[in-house]
Amino acid sequence: MMKLNTLIILAFTFGIGSLAAQAQIPCTQKFEIQNLKKSNGKGSFDLKLESKDIYSGQLVEIKGTDQSLIQIFSGEGDLKQAFKNLKNSYYRVILEFKNEPKFLCKKRVLTVDLTDSK
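Residues numbered from 1 in each chain as written. Predicted model: local features only at pLDDT ≥ 70, side-chain atom pairs only at ≥ 80, totals over all residues. Heavy atoms only, no water.

Asks: Is there a simple way to explain the sheet that holds strand β2 (residues 42–50) in this structure?
Replies: Sheet strands pair by backbone hydrogen bonding; their relative direction is either parallel or antiparallel. Ordered by their spatial adjacency, three strands build an open sheet running β1-β2-β5, and the pairing between neighbours is antiparallel. At either margin of the open sheet sits one strand with a lone partner, and together these are β1 (30–39) and β5 (79–87). Adjacent strand axes in the sheet meet at a mean angle of 15 degrees when their direction is disregarded. Alignment of β1 against β2, held across eight bridges, turns out to be antiparallel. Bridge pairing in β2 places serine 39 opposite lysine 42. (Pairing = 2+ DSSP bridges. Helix = DSSP H or I, 4+ residues; strand = E, 2+ residues; numbered from the N terminus. Axes fitted to C-alpha atoms, helices over the stretch in contact; angles between N-to-C directions.)

Following this line, the structure appears as structure tokens:
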């Protein structure tokens, strides 16, 4: 019985260790916000995406506890998308990758602050 418990503990420890190693592998896609500009109550920014996967994305405005869909976009491969004439608000860019095998990389979210706060 003691050997069985030891074997179960070793198997469990090995399984958790391999999951942790997988979680530390970086995502294959990279994206960033560039050219963030705010002036006269309007804002703009560029989204740069490096990917070899099929993706779908959304730009969502955050209003308190509500969200409002501003734009939907999709494609395959790299992307440089400009978002212009946006109100001073918080925005969320949501990207989903169709063929991404890593669970934590399948859906990525980035918040953009276009408010007047510093």
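Asks: I'm lost on the pattern of salt bridges in this one. Help?
Replies: Two side chains bearing opposite charge may form a pair once their charged atoms approach each other closely. Inspection of the entire model under this criterion finds two salt bridges. One salt bridge in this structure joins glutamate 50 and lysine 48, with 3.6 Å as the shortest N-O distance. Given a relative accessible area of 36%, glutamate 50 falls into the partly exposed group. With a closest N to O distance of 3.7 Å, lysine 87 and glutamate 61 form a salt bridge. Remark: glutamate 61 occurs in strand β3 (residues 54–63) and lysine 87 occurs in strand β5; sequence separation between them is 26 residues. (Salt bridge = Lys/Arg side-chain N within 4 Å of Asp/Glu carboxyl O. Buried < 20%, exposed > 50% of the residue type's maximum accessible area, 1.4 Å probe, protein only.)

Asks: Where do I start with the state of the cysteines in this structure?
Replies: Put plainly, two cysteines are in a disulfide when a covalent bond ties their sulfur atoms together. As enumerated under the stated definition, the model contains one disulfide in all. Here cysteine 27 is linked by a disulfide to cysteine 105, with a sulfur-sulfur distance of 1.9 Å. Taking the torsion about the S-S bond as the criterion, the cysteine 27 to cysteine 105 disulfide, at about -80 degrees, is left-handed. Here cysteine 27 is found in the loop between α1 (2–23) and β1, whereas its partner cysteine 105 is found in helix α2 (residues 103–106), with 78 residues between them in sequence. Given the relative accessible area of 3%, cysteine 105 is considered buried. (Disulfide = S-S within 2.5 Å.)

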